[in-house]
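# Examining the three-dimensional arrangement
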Amino acid sequence: MKVDILSDVHFDSYFPIKRKYEKEEVKKFFDPFFLQNNRKVGEVLILAGDIGHWNDQNIAILKIIKDEYYKYIVCVLGNHDYYLNRIQQDDYDENSYERVKEMRKLINAEDGMYCLDGNVIEINGVHFGGCDSSYSNAYIKKYFPKADHPKSNNEMWKRTMQDSSMMFGINQYNQLYKEEIQKIERIYQDCDVMITHVNPSYLKEHISPKFQNNITSTFFCFDGHRFLEGGTMKYWIFGHTHDNIEYEYQGVQCICNPLGYPSELVPPAFERVKSVEV
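Computed from a predicted model, the values in this text were never measured in an experiment. Residue indices begin from 1 for each chain and proceed along its sequence in written order. With the structure being a predicted model, the display of local features is reserved for residues of pLDDT at least 70 and the display and counting of side-chain atom pairs for 80 or more, all residues being used for whole-chain, interface and lining totals. For the side-chain quantities, the full set of heavy atoms in the structure was used; hydrogens and water were omitted.

## Some words on the layout of surface pockets
Cavity and pocket criteria rest on a 1 Å grid covering protein atoms alone: a 1.4 Å probe that fits but cannot get out defines a cavity, protein on both sides within 12 Å along at least 5 of 7 lines defines an open pocket, and an atom within 4 Å of a point defines a lining residue. Grid points are joined across faces, edges and corners, and a volume is the space filled by probe spheres set on the points. What the largest pocket holds in volume is close to 450 Å³. Each residue gets one label: Ala, Val, Leu, Ile, Met, Phe, Trp, Tyr, Cys and Pro are nonpolar, Asp, Glu, Lys and Arg are charged, and the others, such as Gly, are polar. Split into classes, the residues belonging to the lining of the largest pocket amount to 9 nonpolar, 12 polar and 6 charged. A volume near 270 Å³ is recorded for the second largest pocket. If you trace the second largest pocket, you find it lined by Ile17, Lys18, Arg19, Trp54, Asn55, Asp56, Gln57, Ile87, Gln88, Asp91, Tyr92 and Glu102. Only DSSP runs of H or I with at least four residues qualify as helices, and only runs of E with at least two residues qualify as strands; both kinds are numbered from the N terminus onward. Secondary structure elements with two or more residues in the lining of the second largest pocket: helix 2 (55-69) and helix 3 (86-91).

Quick look at the structure:
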């Protein structure tokens with residue numbers, strides 16, 4: 001089975017916010033990614049989180065992408081999918097979990113679309129498992145051990161990460177991590193492909209070179225080594241960082257293939273879509 005991989009598509013960075021989206025405008029943007037040079041589209045598109053800031057926009061564009069290009073879309077959500085702006089704070093009672101709950105429901109209600117939340121689904125004999133995931137103190141604990149204290153970690157999170165002010169109901173840097181790691185525990189021995197938003201390795205060599213010595217890299221990875229070592233997955237797909245990363249750990253091919261923001265989009269566009277055979 002051919003599987004296409006993207007993350008961090010941030011729809012609201014590319015499309016205006018409105019009620020109705022025409023097939024032609026979505027195809028105009030995505031045709032160069034999916035179809036240029038007669039590229040053969042995969043059967044499944046994996047989206048490893050950070051779909052966009054507006055649920056209505058997200059589901060409308062996802063439906064067009066699936067109808068025009070793919071038989072299936074399998075995704076998880078990312079930190080930006082938890083964000084609430086001033087308008088949304090009232091809509092979701094200042095609770096990011098309510099927005100996430102709605103987004104999952106919208107996606108999972110569509111035929112051939114799956115938003116994973118600590119579960120495994122099967123498509124033509126291939127088992128896809130995943131959850132949103134989040135970051136921990138694993139990187140800072142290894143490379144900056146003297147700086148690793150819950151209070152200072154949380155203060156650094158508030159100074160450096162927009163998550164701290166945009167994710168409502170999440171007050172500690174590792175709160176979501178503690179919730180999500182339990183979901184990985186349930187499924188890591190039951191899937192061929194694992195999908196999370198955050199990098200499962202905290203090792204420097206598995207982080208973008210320009211951030212390998214940056215203490216805030218702790219907010220872009222977690223300690224998933226035991227899952228990589230003891231799991232059944234052949235591939236682990238992730239996002240969050242807007243850098244292309246690919247490494248192998250304990251026989252598992254780990255891939256981050258982000259679209260990112262418009263300022264990060266470098267032509268030729270079609271090279272932004274990566275495919276693997278599962």
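## Examining the sheet that holds strand 3 (residues 72-76)
Across the sheet, 5 strands lie side by side as 4-3-2-1-11; this open sheet has mixed pairing. On the outer flanks of this sheet lie strand 4 (113-115) and strand 11 (274-277), each paired with one strand and no other. For this sheet, the mean angle separating the axes of adjacent strands, direction not counted, is 20°. At least two DSSP bridges between two strands are needed for those strands to be called paired. One ladder, built from 3 bridges, connects strand 3 with strand 4; its direction is parallel. Residue pairing for strand 4: Ile73 is matched across the bridge by Met113. This element, helix 4 (residues 96-108), spans strand 3 and strand 4 of the sheet and lies at about 155° to strand 4. Between N-to-C directions, angles span 0 to 180 degrees; the directions come from axes that are lines fitted to C-alpha atoms, helices contributing only their stretch in contact. A contact between two residues is defined here by any heavy atoms of the two lying within 4.5 Å.

## Brief notes about a negative patch on the surface
Like charges within 9 Å and nonpolar side chains (Val, Leu, Ile, Met, Phe, Trp, Tyr) within 5 Å are joined into patches, using only residues over 30% in relative accessible area that form no salt bridge. All accessibility values rest on the Shrake-Rupley procedure with a 1.4 Å probe; residue burial counts only the protein chains present in the view. One side-chain nitrogen of Lys or Arg within 4 Å of one carboxyl oxygen of Asp or Glu is enough to make a salt bridge. Charged residues are defined narrowly, with Lys and Arg counted positive, Asp and Glu counted negative, and His plus the chain ends left uncounted. Charge positions come from single atoms, namely NZ of Lys, CZ of Arg, CG of Asp or CD of Glu. A cluster of acidic residues, Asp56, Asp90, Asp91, Asp93, Glu94, Glu98 and Glu102, forms a negative patch at the surface. Put simply, the parts of the chain that give the negative patch at least two residues each are helix 3 and helix 4. Mapping Glu102 onto the fold places it in helix 4.

## With respect to the packing of aromatic side chains
Pairs were defined over the aromatic rings of Phe, Tyr and Trp, the Trp ring being its six-membered one, requiring ring centres within 6.5 Å. Orientation was assigned from the angle between planes: stacked under 30 degrees, edge-to-face over 60, tilted for the rest. What the rule picks out here adds up to 21 aromatic pairs. A centroid spacing of 4.8 Å and a plane angle of 90° characterise the contact between Phe29 and Phe30, whose relative ring orientation is edge-to-face. Across the pair, Phe30 and Phe29 agree in class, each one buried. With a centroid separation of 5.4 Å and an interplanar angle of 10°, the aromatic rings of Phe30 and Phe34 are classed as stacked. Here Phe30 pairs with Phe34, and both are found in helix 1 (residues 23-34), just 4 residues apart, close to one helical turn. Think of it in three bands: with a 1.4 Å probe and only protein chains considered, a residue is buried below 20% of the maximum accessible area for its type, exposed above 50%, and partly exposed in between. Looking at Phe30, the relative accessible area reads 2%, which means it is buried. A residue is classified by how much of its surface remains accessible, and Phe34, at 0% relative accessible area, is buried.

## Digging into the pairing of strand 5 (residues 119-123)
As paired elements, strand 5 and strand 6 (residues 126-130) share 5 bridges and run antiparallel to each other. Note on strand 6: the bridge partner recorded for Val120 is Gly129.

## Some points on the nonpolar core
Core analysis: the biggest nonpolar cluster contains 45 residues, and Phe11, Phe15, Phe30, Phe34, Ile65 and Ile107 have the highest contact counts within it. Secondary-structure elements contributing two or more residues to this core are helix 1, strand 2 (44-48), helix 2, strand 3, helix 4, strand 4 and helix 6 (150-160). For this core, the leading source of residues is helix 2, giving 6 residues. Setting aside anything within four residues of it in sequence, one finds Phe30 in contact with Phe11, Phe15, Ile61, Ile65 and Tyr69. Buried Ala, Val, Leu, Ile, Met, Phe, Trp, Tyr and Cys residues form a nonpolar core when they are joined through side-chain atoms within 4.5 Å.

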